[in-house]
Amino acid sequence: MLGFEDSGKLLRLLSGGEERSIEEIVFDFNSKFPPSLHFYACSALDFLTANSKEELLNPTQRLIAFAIIHQAYASQQPSSNPFITKLVDAACDDEAEKYERAFVLQLLGSSNMMNNREFLKQSAADYMKHFDLSSHSFPQREHVQQQYCGKVQPEPFKCSFKENSVKNIIPDPDVPHGCNSNSHEFDAQPGVTSKLGSGNRDETVAGLLSSLSLEGLGPQWIRPFPPRLPVMDGELLWLNPDMNHELLWDYGMCADTSRGAAVRDLIAKALKGPLVPVQQEQVLVELANDPKLVYHCGLTPKKLPDLVENNPMIAVEVLIKLVNSPEISEYFTVLVNMEMSLHSMEVVNRLTTTIELPTEFLHTYISNCISACQGIKDRYMQNRLVRLVCVFLQSLIRNKIINVHDIFIEVQAFCIEFSRIREAAGLFRLLKTLE
Amino acid sequence: MDSASSSLAYVSREGSPTEEEDDGALLVAAGLAKEAALLFQAGKFVDCLTILNHLLEKKADDSKVHHNIAIAQSFHEGCSDPRRLIEALENVKKQSEKLALASGGDLEVSKNNGNKHTVSIRGSNMSAHQFSSSSVRYSDEFDTAVTMFNLAVIWFHLHEYAKSFSYLETLYQNIEPIGEGTALRICLLLLDVALLSHHASRSADVISYMEKVFCVNSLTNQVDSGTSTEQQTLLVSNSSSFISNSTTNFDSVVSTTTNPSESCLTRSLSEEALEDEPLQLLSSFDISRHNLQRPSIASSNDLPSLSVADLRLKLHLYKVRFFILTRNLKAAKREVKMAMNIDHPMALYLKSQLEYARGNHRKAIKLLMASSSNCMETGVGISSMYYNNLGCVYYRLGKYHTSGVFFTKALKSSSLVRKEKPPKLVTFSQDKSLLITYNCGAYSLACGKPFHAARCFQMASLIFYNQPLLWLRIAECCLMALEKGLINSISSASDIIRVNVIGKGKWRQLALRYGRDNVGKDNLFSSDGKQPHLSMSLAWQCLVNALYLLDSLETDYSKSEESESRETVLSNHKNGDPKEISNVVSGSSQVTSNGEMKEQKGGNNQSGWLQNTIPDYECIRMKEKQMIKQAALADLAYVELELGNPLKALSTAKSLTKLPECSRVYTFLGTMYAAEALCLLNQTKEAAEHLMMYVSGGNNVDLPYSQEDCEKWSIEKVVDGEESNGVVSGKCVFSSPEEGRGTFCANYAANFALMGELDKAHYFVMKALSDMPNSSQAIVTAIYVDLKRGNTQDALAKLKHHTATRILPTLKLS
């Protein structure tokens, strides 16, 4: 925007129309206002000359304003003058004074022919005085537009907020009620005490020049402020005394890593054949003494079947101790898939009374038992296994380790198939009581 | 156990003369190691280091020696430079791993069958007896469990919980083979870290695992100490005898089958035997329980002892913390009752925290006061916690200034902790200044001091950098600074309309100026080096951070869910999460006697409680994340508009409104931002379509949200506001539904004005003014519409009578 000082300068230039030639004034404008201010100055003038009825400026001032608007961009093609449409409008405004239209037309015409600048050598007042309507013709708007606007420039993106803005200046004449504000009686007369409602035009023009906003006044969009998120539960940090955590000494340093070797040896033996009671007891004692020994005794899931077959009691103890181990499921898988035998059943039975086995595991195991019984050809061995399975199942059921209903049908069929065996009949009766 | 495992060492040692020397050297080393350990326990670090260095001469490559030197040194010097210690331990760890790799095949053999070390025992028959009193572990000499634990400890003390957690997690995944003392320490630390980093499900796992393994005592938990070994042998012989019993029973079943006449007997016999077993087991349990009052879980010369009873009480405290974390306040209350007789300052603090969480602020203060009379003398660390917690309570009471005073006090005493000499590792963890600084930030934000708040949050970001909420708060600081006009804004919104009166009399004109006058403001704040530089671009960065973290949290969550569901499948035990193992074990109670069963059942129920709490908690967390996300997206859309990026603002606002659980208030904000962005893009019609959702039956405008919708969000309940004067509270909650409707109408009007539908614009802007007569923006739109319609007089009347208008003195020509 133009500051106070520049507004004053501009106003003085406008007011020089009576004496100085237009050319001089335009030259002054170019020297006093650097090119960076030209646009601001011109748009201010544009505003001041917007309404020919408004009489903000007197006729000579208007002419000078047009001249400045035009000459500020005279070095370029008329079509690139940002105010070209305004000038064309002024030239074609039917309500405007004829001399003004003629002047603007001459201005527009001057840019084509450099020799046609004579009219600028006189003052604006002289131009009006010597104005001869007959020597001027007023072409149609379309014609003028075609001649000077040239190709329509592609409009740069313009936000509709700005495009639709109105001037931020509202006339608010302060005159007594009922008076016509356009009346000349309110013009301040030099040397006369001002009466109510009178005002100085120049003062207003200067004020307007400095207050005019390029952006104007547009509709306002309310952008609600996003609210601050309330403090969340637990966001404020409550502090509690800590439990102390100290650095640890590594007692494994240079330690006798041989510990438990005896057990490892015994376990290795136990894979090959039954241990004598003393040896068995030694293993159990050592395992009991050291809960972690079981992880270092050299047993792997693959070796489990051998241990089960040869030393079921040790297998039980080892498995119980391994129950928290990540490998336990692997051990279970091996156990459920190994060949059915008295010892494996014994191991499972004992496990059921000490730790909770996965239900799936138990069900699979029971199914395996049953199919094993059915698969045996040797009748004696079959009877033996069936009796064993029956006792095993009764124990599971009585101890409520399995839910009878989960396996009811399968077991019932099994009992019926082997009803000749007393234990099977007993199991059947047990099932009936639970039904 | 045979040839397969005969390592080179085995072969070379067998019988050769150098072998004996080696054995001798080993024995000497073991002796030195023992001595060093004793000196370490006695706190004689200088002597200890001398011996360790001596040891190092013999075994220059032994990473454990290096490890213990680093530990002893840090105890000796006071841990002034934990980062250096971390580096040293990392090196030890790397070295161990390298050595383990180098001895590759060798080691594998030993891992599989544990045979490797067989050699050295041959000869000493005593070893079998010795080991019960020694604390030696069987792990390989390359085992890094202790090193990793120590690293976790240091990171814990440095408040780097994520780093600590990653070490502990690795250890926990394979905790079974680790020695009990160390395992217990690992669990306790993991529990602390998990709770502090709000990892509820892991906390619950560890608690139930500890209850199963360390508290429920079976024979296996009996360790060393002369007296107990005696008992044990007794027990074992007991058990082994019944084992042999049962064996014979089974055998008898089989043998009797050969004898049909007796077969009926076998049934009863075997069953009796089976039923008897639990009884026998029970009796052994009883003895062991009796026993357990004295001996500690941790082997005595390994770690300071911790009795089972102690551990139980500690676990109560942890459970209280767990329940408070997961907002299961009822359970926490129940747990607190059981934990109250613990003589630990934590107990009272926890009780106070519980009351704080339940909203009984007076009670919380009382408890804090009581605790302060107990433990004020225990150290400055405690006093800073005390002040900090009081600050929290007063904040919740809405007395922000009082809370600020307490937070400042807390910071002061916290800085005293830092100055304590000699520096110990624990002083780092006792220095809670960064945590308190965060609270300070929250208080400053509540009091409308965005620059101070931002400085606090930026300091706290050292430990909270991975918390989306922190970044949101910094962004809120920027927005608050913008709102207060403390930083530059390109938007034109302002509270007042400036009117310059130009000229006099008939020439009088009014020049409206609407928008901020920013001249000089930016110098005011950016020049001060102490002030953080708050700007919209900073806000943008912070919000992008917050949203990124929120999204990564979500994917983390779904991942962990996946893995959990995978783990629940029993057949997948292999994955080695000790958590499900606890499920397997839990059934063991069924066999034991009535009393025992009850206890156990109680225990089981509780771990069930723990697990059941988690879904609720996850639900709460999800909701909170949703809230944070909504706030962050709304802020981001606003910031994009401020930065002049309507396209990005549009997409952000759209993703806000598309959130599945977007509250009505945020839907409203999102719609407003999206519509504005569309208008800025000259898509007024699309904007109108967006806005249409709040218009029903032609020209009726509904309230965009209800009072209830607002209240749902204001968790911040101000109980009594005697001291809350000067607090900017109006802006931190939503504007009223009527204001919301007013805003909508004004914007709808502006949109119509842009489309040239001036009559509709007029209608809606008048509606807007009836909802919020003081809005400067609405009146400017109204004036604009009047001017556009040529009603200059109406425009002038509106301008002159509006409260936002400021008439400025007439400009005079200089």
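Please refer to the structure placed before this passage.
The shown structure was predicted, so the numbers you read here are calculated from the model rather than taken from an experiment.

> Please explain the overall build of chain B as it appears in this structure.
Each helix and strand counted, chain B has 36 helices and 5 strands in total. By residue count, 54% of the 814 residues in chain B fall in the buried class. Within the structure as shown, chain B displays about 35200 Å² of accessible surface, and the carbon and sulfur contribution to it stands at 54%.

> Where do I start with the overall build of chain A in this structure?
The helix and strand inventory of chain A stands at 20 helices and 1 strand. When the 435 residues of chain A are sorted by exposure, 57% land in the buried category. Counted over contacts in chain A with a minimum sequence separation of 6, partners at least 24 positions apart contribute 70%.

> I tried to follow the nonpolar core on my own but got confused; where do I start?
It is characteristic of soluble globular proteins that their nonpolar side chains tend to be buried jointly. Residues and elements named next belong to chain B. Counting residues in hydrophobic clusters, the biggest one holds 140 residues, and the most contacted among them are Ile497, Leu534, Phe744 and Ile783. Sorting elements by how many residues they give to this core places helix H24 (residues 468-483) first, with 12 residues. Contacts of leucine 534, omitting those with residues within four sequence positions, involve Pro450, Phe451, Ala454, Cys477, Cys478, Ala481 and Ile487. Membership of the second largest hydrophobic core comes to 88 residues, among which are Ile154, Trp155, Ile186 and Ala204.

> Just checking my understanding: could you explain the side chain of glutamine 382 of chain A for this structure?
Residues and elements named next belong to chain A. Note that glutamine 382 resides in helix H18 (residues 379-398). Looking at glutamine 382, the relative accessible area reads 9%, which means it is buried. Those residues within four positions of glutamine 382 in sequence are excluded, and the remaining contacts are Cys373, Gln374, Ile376, Phe418 and Arg420.

> Would you mind going over the sheet that holds strand S2 (residues 509-514) of chain B with me for this structure?
Strand pairing in a sheet relies on backbone hydrogen bonds. The paired strands run either parallel or antiparallel. Read across the sheet, 4 strands follow the order S1(A)-S2(B)-S1(B)-S5(B) without closing on themselves; strand pairing throughout is mixed. Whereas interior strands pair on both sides, the edge strands pair on one side only; in this sheet they are strand S1 (169-171) of chain A together with strand S5 (805-808) of chain B. Each strand of the sheet is rotated relative to its neighbour by a mean of 25°, with strand direction disregarded. Summarising the sheet, strand S1 (residues 497-502) of chain B and S2 of chain B pair through 6 bridges and their orientation is antiparallel. In the strand pairing of S2 of chain B, valine 501 of chain B is matched with leucine 510 of chain B. Strands in contact with helix H35 (residues 776-788) of chain B are S1 of chain A together with S1 and S2 of chain B; relative to S2 of chain B, the strand with the most contacts, it is inclined by about 135°. Packing against the sheet, helix H36 (residues 792-801) of chain B makes contact with S1 of chain A together with S1, S2 and S5 of chain B, and its axis sits at approximately 110° to S1 of chain A.

> What should I look at first to understand the pattern of salt bridges in this one?
Should the charged atoms of two oppositely charged side chains come close, the side chains can pair. Counted according to the given criterion, the structure contains 27 salt bridges over all chains. The closest approach of N and O atoms between aspartate 126 of chain A and lysine 129 of chain A, which form a salt bridge, is 3.8 Å. Placement of both aspartate 126 of chain A and lysine 129 of chain A in helix H7 (residues 124-129) is noted, with a separation of 3 residues, approximately one turn of the helix. Residue classification places aspartate 126 of chain A among the partly exposed positions, given a relative accessible area of 27%. A salt bridge links arginine 358 of chain B to glutamate 355 of chain B; its shortest N-O distance comes to 3.4 Å.

> Sorry if this is basic, but what is going on with the packing of helix H34 (residues 758-771) of chain B against H35 of chain B here?
A pair of packed helices can be characterised by two numbers: the angle between their axes and the separation between those axes. Residue and element names in this part refer to chain B. Packing of H34 against H35 brings their axes to within 9 Å, and their N-to-C directions diverge by 150°. Looking at the two axes, H34 sits roughly antiparallel to H35. By crossing handedness, the relation of H34 to H35 is classed as left-handed. Taking contact as the criterion, the partners of Leu758, Ala761, His762, Val765 and Leu769 in H34 are, on H35, Ala778, Ile779, Thr781, Ala782, Val785, Asp786 and Lys788. The residue makeup of the contact of H34 with H35, split by class, is 8 nonpolar, 2 polar and 2 charged.

> Looking at this structure, how should I read the packing of H35 of chain B against H36 of chain B?
All names here are of chain B. Relative to each other, H35 and H36 sit at 165°, their axes nearing to 7 Å. With respect to each other, H35 and H36 are oriented roughly antiparallel. Where H35 crosses over H36, the two elements pack in a sense that is left-handed. Contacts between H35 and H36 involve Ile779, Ala782, Ile783, Asp786 and Leu787 from the former and Thr792, Asp794, Ala795, Lys798 and Leu799 from the latter.

> Sorry, what's going on with the environment of aspartate 6 of chain A here?
Residues and elements named next belong to chain A. As for its position among the elements, aspartate 6 is in helix H1 (residues 4-15). The buried category is assigned to aspartate 6, whose relative accessible area is 17%. Spatially, the C-alpha atom of aspartate 6 lies 109 Å from that of glutamate 346, the residues being 340 residues apart in sequence. In this structure aspartate 6 touches Phe33 and Leu37, once residues within four positions along its chain are discounted.

Rules used in this analysis
Residues numbered from 1 in each chain as written. Chains lettered and ligands numbered in written order. Predicted model: local features only at pLDDT ≥ 70, side-chain atom pairs only at ≥ 80, totals over all residues. Heavy atoms only, no water. Helix = DSSP H or I, 4+ residues; strand = E, 2+ residues; numbered from the N terminus. Buried < 20%, exposed > 50% of the residue type's maximum accessible area, 1.4 Å probe, protein only. Areas by Shrake-Rupley, 256 points an atom, 1.4 Å probe, with all protein chains shown as cover. Contact = heavy atoms within 4.5 Å. Core = buried A, V, L, I, M, F, W, Y, C linked by side-chain atoms within 4.5 Å. Pairing = 2+ DSSP bridges. Axes fitted to C-alpha atoms, helices over the stretch in contact; angles between N-to-C directions. Salt bridge = Lys/Arg side-chain N within 4 Å of Asp/Glu carboxyl O. Parallel < 35°, antiparallel > 145°, perpendicular 65-115°, else oblique. Left-handed = near helix turned anticlockwise from the far one by under 90°. Nonpolar A, V, L, I, M, F, W, Y, C, P; charged D, E, K, R; others polar.

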